[in-house]
Amino acid sequence: MLSPVICVIIAIATALVFLGVIFLIRHLIQRKYNNFVLQNSICLKQLNEINQRYSFYPYKSFDQCHTYDNEKMYDTVSCTDYLIYQLQFKSKRIFSQITKISENKKQYSNYLNEIKAITQFGQFQAPIGMLKLDNLIKTEERLLKVNTLCAPATQFNLTVTLYCSTIDGRIYDKKSECFSVNDLFTLSRRLNNKSVGFYNDREIWDAICRVERGRVSNKMRFSIYERDGYRCCKCGISASFAQLEIDHILPIAKGGKTVYENLQTLCHKCNVEKGVSHIKYR
Ligand SMILES: [Zn+2]
């Protein structure tokens with residue numbers, strides 16, 4: 001006499017083997033259907049032929065981000081300001097990507113229409129023999145879905161994220177804004193309104209100046225002070241006796257950039273005196 005426990009174990013094992021066999025048989029049958037459909041379906045041939053005629057552009061992100069290690073700069077510069085600044089250098093590439101995405105949209109809609117026009121389910125190039133027609137059609141429909149090209153990117157937008165960190169890089173605040181293609185067109189049109197390198201749109205120009213000024217990070221500020229010996233480059237007063245500031249030698253308002261060679265240390269008094277004139281004291 002077998003104990004009840006062993007009986008149960010044998011019953012479970014038998015059931016598992018039985019299920020396994022059923023699963024295997026189903027799998028083999030399905031494979032037969034798959035192979036037959038892949039080799040002989042008129043629909044799938046049409047799909048492959050359509051697929052070969054289409055290719056879509058990949059999505060390329062132009063999202064922008066920047067970290068300010070100076071809270072004052074972070075508060076002063078808005079996401080729109082930052083975008084305007086970047087558009088000066090990147091608008092060509094951004095608009096080329098927008099064109100590609102809108103081409104994707106058009107092409108994908110044509111593609112879907114062509115796929116919809118495939119209706120000859122259940123027609124094969126070889127006799128179906130013992131295979132069941134409704135199973136073949138189900139397999140065809142499934143394989144048609146599987147082999148349909150993935151939807152490409154058809155929408156473009158650009159997100160600007162600004163972070164605020166401590167001087168050693170610990171982020172403690174962030175702000176973010178998403179811009180549509182229309183926003184980008186509007187800003188770009190305003191940027192294009194310029195004469196001899198300067199923007200006629202006052203708001204655009206102010207935004208660019210804010211970002212340019214904000215490019216003096218605290219880290220950069222201290223390395224300039226160090227380079228200039230913690231003294232005003234004009235009168236020589238040291239940091240112990242006056243408040244030192246970073247001055248753009250060629251002022252931002254005249255197109256000066258925030259790069260080491262264009263920066264000098266001045267005391268507040270000398271900086272105010274210099275104003276927007278282009279004088280190098282170093
Ligand atoms: Zn000075």
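Criteria and cut-off values
- Residues numbered from 1 in each chain as written.
- Predicted model: local features only at pLDDT ≥ 70, side-chain atom pairs only at ≥ 80, totals over all residues.
- Heavy atoms only, no water.
- Donors = N, O, S within 2.8 Å, 3.2 Å for Na, K, Ca; no water.
- Tetrahedral: all angles 85-135°; square planar, octahedral: opposite > 155°, others 65-115°.
- Helix = DSSP H or I, 4+ residues; strand = E, 2+ residues; numbered from the N terminus.
- Buried < 20%, exposed > 50% of the residue type's maximum accessible area, 1.4 Å probe, protein only.
- Lys, Arg positive; Asp, Glu negative; His and termini not counted.
- Salt bridge = Lys/Arg side-chain N within 4 Å of Asp/Glu carboxyl O.
- Polar contact = N/O pair within 3.5 Å; in protein donor to acceptor, adjacent residues only side chain to side chain.
- Contact = heavy atoms within 4.5 Å.
- Domains from an automatic or database assignment.
- Buried area = accessible area lost by both parts, 1.4 Å probe.
- Nonpolar A, V, L, I, M, F, W, Y, C, P; charged D, E, K, R; others polar.

A. Local environment of the coordination of the zinc ion. Around the zinc ion, the protein contributes the donor atoms Cys 232 (SG), Cys 235 (SG), Cys 267 (SG) and Cys 270 (SG), at 2.2 to 2.4 Å from the metal centre. Considering all four donor atoms around the zinc ion, the spread of angles at the metal, 99 to 118 degrees, places the coordination shape in the tetrahedral class. Between consecutive donor residues of the zinc ion, the sequence gaps follow C-x2-C-x31-C-x2-C. With Cys 235 in the loop between helix 8 (218-227) and strand 6 (244-248) and Cys 270 in helix 9 (residues 268-274), this pair connects stretches of sequence that are 35 residues apart.

B. Region of the structure containing the side chain of Asp 69. Within the element layout of this structure, Asp 69 appears in the loop between strand 1 (64-68) and helix 3 (71-76). No salt bridge is formed by the buried Asp 69; the nearest opposite charge belongs to Lys 219, separated by 7.0 Å. Among the polar contacts listed, one links the side chain of Asp 69 to the backbone nitrogen of Asn 218, at a separation of 2.7 Å. Here Lys 219 takes part through its backbone nitrogen, which lies 3.2 Å from a polar atom of the side chain of Asp 69. Residues in contact with Asp 69, not counting those within four places in the same chain, are Ser 165, Thr 166, Ile 167, Ser 217, Asn 218 and Lys 219.

C. Seen up close, the domain arrangement of the protein chain. Examined at the domain level, the protein chain breaks down into domain 1 (41-199) and domain 2 (216-274). Measuring from the centre of the C-alpha atoms in domain 1 to the corresponding centre in domain 2 gives 44 Å. Carbon and sulfur atoms make up 54% of the surface buried where domain 1 meets domain 2, a total of about 520 Å² over both sides. The largest share of the area that domain 1 buries against domain 2 comes from Asp 69, Ile 167 and Phe 198, three residues that together contribute 65% of it. Here domain 1 and domain 2 share three residue pairs in polar contact (both at pLDDT 80 or more) between them. Along the lines of polarity and charge, the residues of the side of domain 1 that touches domain 2 split into three nonpolar, one polar and one charged.

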